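Each chain is listed here by its residues.
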Amino acid sequence: MIKGFKEFILRGNVIDLAVAVVIGAAFTLIVNAIVAGLINPLIALIFQADSLDSVVWTVTGLTGNEVTFAFGAILGAIVNFVAVAVVVYFVFVYPMNTAKERAAAKAGIDEQEASSLPTEQELLLQIRDLIATQGSTPPR
């Protein structure tokens, strides 16, 4: 039982997943800090974002009780999501893609050539097929 647990823990997938979770948590803190420290103040220049939570629609229900729809909270969550998406794209994704394109151009690989290269899965299938054909024919 302990041996099985040890094998499970020492698998590359479990360690990679643990590292991804830790890095993801740290990355979330960075993105949230950029949104809170830069994007939200920019939004506050246009309108007061705190006031979104107070935007509600109250309706009297069939039993006479009041039902409140918090559209402002939903709108605030959408604005926050868009702000996070903007930060992730323009601060991390776009510069990384630009750096990859520059590195590929420096290495002399153009986009058409890179897209015509076989994928990892295609290469593995070719290797499998080669091994299968070599295994079925006697060596010379």
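Only a predicted model underlies this, so the values are computations on that prediction, with no experimental measurement involved.

Trainee: I tried to follow the overall build of the chain on my own but got confused; where do I start?
Mentor: Secondary structure assignment for the chain yields five helices and two strands. Along the chain, helices (α) and strands (β) appear in the sequence α-α-β-β-α-α-α when read from the amino end. A burial count over the chain gives 6% of its 140 residues as buried. Taking the contacts inside the chain whose residues are at least 6 apart along the sequence as the reference set, 38% of them involve residues at least 24 apart. Accessible surface, the chain: about 11900 Å² in total, of which carbon and sulfur atoms supply 68%.

Trainee: Help me out: how do you make sense of the packing of aromatic side chains in this one?
Mentor: How two aromatic rings sit relative to each other is set out by the distance from centre to centre and by the angle between their planes. Using the criterion set out here, one finds six aromatic pairs in the structure. Ring geometry for Phe69 against Phe71: centres 6.1 Å apart, planes inclined by 20°, an arrangement best described as stacked. The rings of Trp57, Phe69 and Phe71 are connected pair by pair, giving a single aromatic cluster.

Trainee: How do you make sense of the environment of Thr63 when you look at a structure like this?
Mentor: Mapped onto the elements, Thr63 comes out in the loop between strand E1 (57-60) and strand E2 (66-69). Thr63 gets classed as exposed once you look at its relative accessible area, which sits at 72%. Only 2.8 Å separates the side chain of Thr63 from the side chain of Asn65, close enough to count as a polar contact.

Trainee: Just to check I follow, could you spell out helix H3 (residues 71-107) for this structure?
Mentor: Since the α-helix packs 3.6 residues into each turn, any two residues three or four apart lie on the same face. When the terminal C-alpha atoms of H3 are compared, their 52 Å separation across 37 residues agrees well with the 54 Å that a helix rising 1.5 Å per residue should span. In the structure, H3 departs most strongly from a straight axis at Tyr89, where the bend amounts to approximately 35°. Those residues of H3 lying buried are Gly72, Ala83 and Val87. At the exit of H3 stands Gly108, carrying a positive phi of roughly 90°.

Trainee: Looking at this model, I keep getting lost on the pattern of salt bridges. Mind explaining?
Mentor: When the charged atoms of two side chains lie near each other, side chains of opposite charge can form a pair. All told, the structure shown has one salt bridge when counted by the stated rule. In this structure, Arg128 and Asp129 form a salt bridge, with 3.1 Å as the shortest nitrogen-oxygen distance.

Trainee: So what exactly am I meant to see when it comes to the nonpolar core here?
Mentor: Taken as a class, soluble globular proteins show a tendency for nonpolar side chains to be buried jointly. Core analysis: the largest hydrophobic core is formed by six residues, namely Val31, Val35, Ile39, Ile43, Ala83 and Val87. Counting residues per element, the ones that place at least two in this core are helix H2 (12-46) and H3. Ranked by the residues each element gives to this core, the list is headed by H2, at four residues. Excluding anything up to four places from it in sequence, Val87 contacts Val31, Ile34, Val35, Ile39 and Phe92.

Calculation rules
Residues numbered from 1 in each chain as written. Predicted model: local features only at pLDDT ≥ 70, side-chain atom pairs only at ≥ 80, totals over all residues. Heavy atoms only, no water. Helix = DSSP H or I, 4+ residues; strand = E, 2+ residues; numbered from the N terminus. Buried < 20%, exposed > 50% of the residue type's maximum accessible area, 1.4 Å probe, protein only. Contact = heavy atoms within 4.5 Å. Areas by Shrake-Rupley, 256 points an atom, 1.4 Å probe, with all protein chains shown as cover. Phe/Tyr/Trp six-rings, centres within 6.5 Å; stacked < 30°, edge-to-face > 60°. Polar contact = N/O pair within 3.5 Å; in protein donor to acceptor, adjacent residues only side chain to side chain. Expected span 1.5 Å × (residues − 1). Bend = angle between axes of the 7 residues up to and from the residue. Salt bridge = Lys/Arg side-chain N within 4 Å of Asp/Glu carboxyl O. Core = buried A, V, L, I, M, F, W, Y, C linked by side-chain atoms within 4.5 Å.

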